[in-house]
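One letter stands for each residue in the lines below.
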Amino acid sequence: MQAAILRTLDFLVPFGPQLRKLEDERLFVGWQGVFLFALPHTFFIFWLFSFIPLVGVLLYILVLVPLSALLHTRLKKIAGREQYAIYLQYFVVIVIGFGGLWGFIGHTFLANTVALDIGWPVGSPFQMELAFYHLGLGIAGLLAVWLRGHMITALVISKSIFWYGAAFVHVRDALLHANYSPLNVGVPLVVDTVLPTVLLGLLIQVYMSDIKSKQ
């Protein structure tokens with residue numbers, strides 16, 4: 001039973017086995033598994049979950065990703081400060097890293113569809129600027145498979161500011177212009193408020209643990 005659950009979770013979150021395997025490896029060791037297997041596999045799984053109305057994306061990000069991180073800590077018998085660090089790495093690699101590439105594709109190849117679903121005008125060059133922002137942060141997030149520590153701290157802080165800022169813009173647009181489009185006040189608004197709160201909370205726990213260990 002446990003083996004079946006492990007296989008199912010690893011199938012749904014293929015970055016999980018890669019992160020467990022590469023936990024202590026040098027820079028770019030095992031890059032083939034990350035970029036040639038986990039990344040395209042996640043695109044397929046995330047695409048399938050995106051078809052589940054309202055809760056699909058949230059289910060993947062807020063349930064399956066932390067469950068995969070929990071599995072990592074249980075299998076490796078990790079607790080305390082390092083446990084928080086593992087959760088942060090999973091969120092950074094999958095949500096910021098993979099999510100950045102997902103956002104890049106949306107704002108590049110599906111720009112008009114995304115704009116219409118947000119309730120904004122189509123054809124704006126800001127779409128392309130936003131696409132490259134997502135691409136840059138996405139690549140940096142994927143590098144957190146190997147580059148951890150302050151790299152993860154910087155990504156969590158910078159992405160959290162963007163998320164909170166995006167939430168403010170969406171709420172303001174809803175209040176001022178009655179924009180209740182699905183990508184303006186729907187799942188993205190939940191992601192923009194819940195995820196940065198979770199990630200910053202985990203980051204604080206990591207640094208509080210560091211402070212206590214030095215006292």
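S.K.: What's the story with the nonpolar core in this structure? I'm lost.
M.R.: Across soluble globular proteins, you tend to see nonpolar side chains buried next to one another. Counting 50 residues, the largest nonpolar core has Phe15, Tyr60, Leu88, Val93, Ile94, Leu195 and Leu199 as its most contacted members. Among the secondary structure elements, those contributing two or more residues to this core are α1 (2–12), α2 (15–21), α3 (31–49), α4 (56–75), α5 (81–109), α7 (126–143), α8 (150–177) and α10 (187–214). Element by element, the count of residues in this core is highest for α5, at 13 residues. Setting aside residues up to four positions removed in sequence, Phe15 forms contacts with Val34, Ala38, Leu39, Thr42, Val93, Ile94, Phe98 and Leu142.

S.K.: So what exactly am I meant to see when it comes to the side chain of His41 here?
M.R.: Structurally, the position occupied by His41 is in helix α3. Residues in contact with His41, not counting those within four places in the same chain, are Phe11 and Pro14.

S.K.: Please clarify how the pattern of salt bridges should be interpreted in this entry.
M.R.: Should the charged atoms of two oppositely charged side chains come close, the side chains can pair. Within this structure, the stated rule accounts for four salt bridges. A salt bridge links Glu23 to Lys76, with the shortest nitrogen-to-oxygen separation between them at 3.4 Å. Linking Glu23 in the loop between α2 and α3 with Lys76 in the loop between α4 and α5, this pair joins segments that are 53 residues apart in sequence. The buried category is assigned to Glu23, whose relative accessible area is 18%. With a shortest N-O distance of 3.0 Å, Glu82 and Arg81 are connected by a salt bridge. A network of salt bridges, in which partner residues are shared, links Arg81, Glu82 and Asp210.

S.K.: Which parts of the structure should I look at to understand α3?
M.R.: Residues lying three or four places apart along an α-helix face the same way, a consequence of the helix completing one turn every 3.6 residues. Over its 19 residues, α3 extends 25 Å from the first C-alpha to the last, a length consistent with the 27 Å expected when each residue adds 1.5 Å. Along α3, the helix axis deviates most sharply at Ala38, where the bend reaches about 30°; the proline Pro40 sits within four residues downstream. Every buried residue of α3 is listed here: Gly33, Val34, Ala38, Leu39, His41, Thr42, Ile45, Phe46 and Phe49. Buried-residue contacts for α3 involve α1, α2, α4, α5 and α7.

S.K.: So what exactly am I meant to see when it comes to the layout of surface pockets here?
M.R.: Empty pockets left among the atoms are what a rolling probe the size of a water molecule brings to light. In this structure, the largest pocket spans a volume of roughly 1600 Å³. Contributing to the lining of the largest pocket are 50 residues, with Trp102, His107, Val114, Leu183 and Pro188 lying nearest its centre. Counting residues per element, the lining of the largest pocket draws most heavily on α5, which supplies ten residues. Here the residues of the lining of the largest pocket are counted per class, giving 32 nonpolar, 14 polar and four charged. Here the second largest pocket is characterised by a volume of approximately 270 Å³. Considering the residues around the second largest pocket, the lining is formed by 17 residues, among which Arg81, Ala85, Arg148, Gly149 and Ile152 are closest to the centre. Elements with a contribution of two residues or more to the lining of the second largest pocket: α5, α8 and α10. Considering each element in turn, the lining of the second largest pocket owes the most residues, six residues, to α5.

Rules behind the numbers
Residues numbered from 1 in each chain as written. Predicted model: local features only at pLDDT ≥ 70, side-chain atom pairs only at ≥ 80, totals over all residues. Heavy atoms only, no water. Core = buried A, V, L, I, M, F, W, Y, C linked by side-chain atoms within 4.5 Å. Buried < 20%, exposed > 50% of the residue type's maximum accessible area, 1.4 Å probe, protein only. Helix = DSSP H or I, 4+ residues; strand = E, 2+ residues; numbered from the N terminus. Contact = heavy atoms within 4.5 Å. Salt bridge = Lys/Arg side-chain N within 4 Å of Asp/Glu carboxyl O. Expected span 1.5 Å × (residues − 1). Bend = angle between axes of the 7 residues up to and from the residue. 1 Å grid on protein atoms, 1.4 Å probe; cavity = no way out; pocket = protein on both sides within 12 Å on 5 of 7 lines; lining within 4 Å. Points joined across faces, edges and corners; volume = space filled by probe spheres on them. Nonpolar A, V, L, I, M, F, W, Y, C, P; charged D, E, K, R; others polar.

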